[in-house]
Amino acid sequence: MDALFRLAGLTRGPHRKATAPSESGLTRKKKTVSTTKKQRARAASKLQKPGQANTGPEILRVPQWEQYDWLIHGFSTRSGGVSTAYRPGARKPGCGELNLGPTAADSRDNVERNRALFAHALLDGTDRKARPSQTKKVQLRLLRQIHSGLVRRATGRVDADAASEESLRGDGMIATEPGTLLGIQTADCIPVLVVDVRQRIVAAFHAGWRGTLARIVERGVGCLRAEFGSRPGDLTAAIGPGIGRCCYSVGEEVRTEFDSQFAYADALFEEVFDLDPIKEKYPMLFLTARAPGHSNLGPSLHLDLVEANRRQLMDAGIAPEKIYALNLCTACDTRRFFSHRAEQGFTGRMIGAIGIRP
Ligand SMILES: [Zn+2]
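Attention in this report is confined to the structure presented alongside it. (Residues numbered from 1 in each chain as written. Predicted model: local features only at pLDDT ≥ 70, side-chain atom pairs only at ≥ 80, totals over all residues.)

Bringing the overall build of the chain into the picture now. Helices and strands together make up the secondary structure of the chain, namely 10 helices and 16 strands. A sequence separation of at least 24 residues applies to 68% of the contacts in the chain between residues at least 6 apart. (Helix = DSSP H or I, 4+ residues; strand = E, 2+ residues; numbered from the N terminus. Contact = placed C-beta atoms within 7 Å.)

Rendered as structure tokens:
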């Protein structure tokens with residue numbers, strides 16, 4: 001079998017499953033702030049006790065951004081909401097899920113409650129010093145995402161309907177005003193957040209394969225530089241949870257499209273032999289006379305959207321060491337993340353959000 005693959009100039013390997021997802025450069029806020037013994041003890045005292053309801057949404061943050069006390073940012077996960085549509089086990093009190101997008105299976109009311117919980121966790125946190133809630137001073141702005149290269153500017157406070165995703169179409173937003181919280185909804189697509197730390201400007205992008213092909217992130221950062229006067233040295237970016245190259249198989253037509261757009265397209269694709277236990281055990285049953293790539297045993301093509309967007313951030317002038325990628329695959333970990341691909345479309349939505357404190 002291996003000889004066959006070698007003959008075809010290919011190597012065979014198992015479908016690359018999540019090697020324990022490393023949170024390289026990123027951890028949960030709770031963990032990163034508790035550095036001293038005293039702080040750890042204080043944090044531990046707040047940890048969930050058996051039988052107690054969960055403590056609210058789990059938010060993933062970039063530790064390197066904690067130094068900017070004017071900045072609000074974070075990526076939601078499934079946990080800490082009131083939705084029960086996507087996991088029957090979530091019906092126990094306090095175990096609901098945090099679906100943040102309007103979907104057919106979930107109620108609008110649940111989504112609104114979850115968004116409020118998310119905003120509260122983002123702004124007020126659980127480990128910050130007690131202070132009056134800021135959530136009322138902040139408006140979450142969303143887009144009707146269309147997998148485009150369209151970047152919008154979110155200005156001022158708008159009425160509730162206009163703030164929701166129904167009004168503004170596009171896949172990127174830029175904001176300069178305190179109190180505006182930009183949100184990108186995803187369930188496999190890559191949320192990308194960018195900050196100009198000198199001018200205090202924030203941006204958020206939605207990058208699936210079509211948006212990535214349309215260079216949404218490169219355009220967005222280009223817009224920051226050309227229209228907002230951002231200097232590359234002042235920019236830093238975060239790439240949130242999304243489908244990893246381990247799980248994101250795509251059609252040959254996607255590679256053709258990327259080939260036509262990016263000189264580095266080859267580096268974004270990988271041929272993967274999906275491991276099938278039956279085929280592994282009885283390979284002779286599946287041997288065909290067809291050329292490699294034309295039989296069921298052929299490799300599937302996997303796309304690395306995180307790397308594609310990292311390249312765009314770099315091409316737009318952001319230093320590689322200031323690009324923080326979570327490297328967490330949504331499809332590998334459906335206990336923690338909603339995944340459109342892994343759950344055959346029956347799933348909720350997460351939000352990657354960024355804003356300036358009011
Ligand atoms: Zn994966």
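There's plenty left to go through after this.
Another aspect to go through is the sheet that holds strand E9 (residues 190-196). Strand order in the open sheet formed by six strands is E6-E7-E10-E9-E11-E15, with mixed pairing between adjacent strands. Because the sheet does not close on itself, it has two edges, and the strands there are strand E6 (151-153) and strand E15 (323-325). Averaged over neighbouring strand pairs, the angle between their axes works out to 15° when direction is ignored. Relative to strand E10 (residues 201-207), strand E7 (residues 172-175) runs antiparallel, the two being bridged by four bridges. Residue pairing in the sheet places Gly172 in a bridge with Phe205 of E10. Across the sheet, helix H7 (residues 216-228) touches E6, E7, E9, E10 and strand E11 (235-239), and the angle it forms with E10 is around 160°. (Pairing = 2+ DSSP bridges. Axes fitted to C-alpha atoms, helices over the stretch in contact; angles between N-to-C directions.)

It is worth spelling out helix H4 (residues 108-123) at this point. Its 16 residues place the ends of H4 22 Å apart at the C-alpha level, agreeing with the 22 Å of an ideal helix rising 1.5 Å per residue. Turning to H4, its buried residues are Asn110, Val111, Asn114, Arg115, Leu117, Phe118, Ala119, Ala121, Leu122 and Leu123. Summarising the contacts, the buried residues of H4 are in contact with strand E2 (59-61), strand E3 (71-76), strand E4 (79-83), strand E5 (139-141), strand E8 (180-186) and strand E16 (350-356). Directly beyond the C-terminal end of H4, a positive phi value near 65° is found at Gly125. (Expected span 1.5 Å × (residues − 1). Buried ≥ 20, exposed ≤ 12 C-beta atoms within 10 Å, placed from the backbone.)

Turning our attention to unusual backbone geometry. With a phi angle near 55°, Arg200 is a residue other than glycine that sits in the positive phi range. Among the secondary structure elements, Arg200 is positioned in the loop between E9 and E10. Non-glycine residue Gln344 carries a positive phi angle of around 50°. When you line up the elements, Gln344 lands in the loop between E15 and E16. We classify Gln344 as exposed; it has 8 C-beta atoms within 10 Å.

What follows deals with the nonpolar core. Membership of the largest hydrophobic core comes to 75 residues, with the highest contact counts inside it found for Leu182, Val192, Val194, Ala203, Ala237 and Ile239. For this core, the leading source of residues is H4, giving seven residues. Setting aside its immediate chain neighbours within four residues, Ala203 contacts Gly172, Met173, Ile174, Val194, Gly220 and Leu224. (Core = buried A, V, L, I, M, F, W, Y, C linked by C-beta atoms within 7 Å.)

Among the five residues of E11, five are classified as buried, and the element is accordingly described as predominantly covered. Of the two faces of E11, the one lined by Leu235, Ala237 and Ile239 and the one lined by Thr236 and Ala238 are each fully buried. As paired strands, E9 and E11 are joined by five bridges and run antiparallel to one another. When the sheet's bridge partners are listed, Val195 is paired in E11 with Thr236. Both E11 and E15 contribute to a ladder of three bridges, which runs parallel. Each bridged residue has a counterpart across the sheet, and for Ala237 the counterpart in E15 is Ile323.

With seven of seven residues buried, E9 is to be regarded as a mostly interior element. Burial of the side chains of E9 extends over both faces: Ile190, Val192, Val194 and Asp196 are buried on one face and Pro191, Leu193 and Val195 on the other. Both E9 and E10 contribute to a ladder of seven bridges, which runs antiparallel. Note on E10: the bridge partner recorded for Pro191 is His206. Linking two consecutive strands that pair antiparallel, namely E9 and E10, is a turn of four residues; a positive phi of about 55° is found at Arg200 within it.

What follows concerns the environment of Ser249. Inspection of the secondary structure puts Ser249 in strand E12 (residues 249-250). Judged by local crowding, Ser249 falls into the partly exposed class, with 18 C-beta atoms found within 10 Å. C-alpha of Ser249 to C-alpha of Phe269: the two residues are 20 residues apart in sequence and 9.4 Å apart in space. Apart from the residues within four sequence positions on either side, Ser249 is in contact with Ser300, Leu301 and His302.

This next bit is on the sheet that holds E12. Note on sheets: strands pair through backbone hydrogen bonds, and any given pair is parallel or antiparallel. The antiparallel open sheet is built from three strands, whose spatial order is E12-E14-E13. In the strand order of this sheet, the two ends are held by E12 and strand E13 (269-272), each with one partner. The sheet contact formed by E12 and strand E14 (residues 300-303) spans two bridges and is antiparallel. Following the sheet pairing, Ser249 is matched in E14 by His302.

We now examine H7. For H7, spanning 13 residues, the distance from its first C-alpha to its last is 17 Å, which sits close to the expected 18 Å at 1.5 Å a residue. Among the residues of H7, those classed as buried are Ile216, Val217, Glu218, Arg219, Gly220, Val221 and Leu224. One or two residues past the end of H7 sits Gly229, with phi positive at roughly 70°.

Before going further, it helps to spend a moment on the packing of H7 against helix H10 (residues 305-315). The contact between H7 and H10 brings their axes to 8 Å, and the two run at 25°. Relative to H10, H7 is oriented roughly parallel. The chirality of how H7 crosses H10 is right-handed. Seen from H7, the contacting residues are Val217, Glu218 and Val221; seen from H10, they are Asn309, Gln312, Leu313 and Asp315. (Parallel < 35°, antiparallel > 145°, perpendicular 65-115°, else oblique. Left-handed = near helix turned anticlockwise from the far one by under 90°.)

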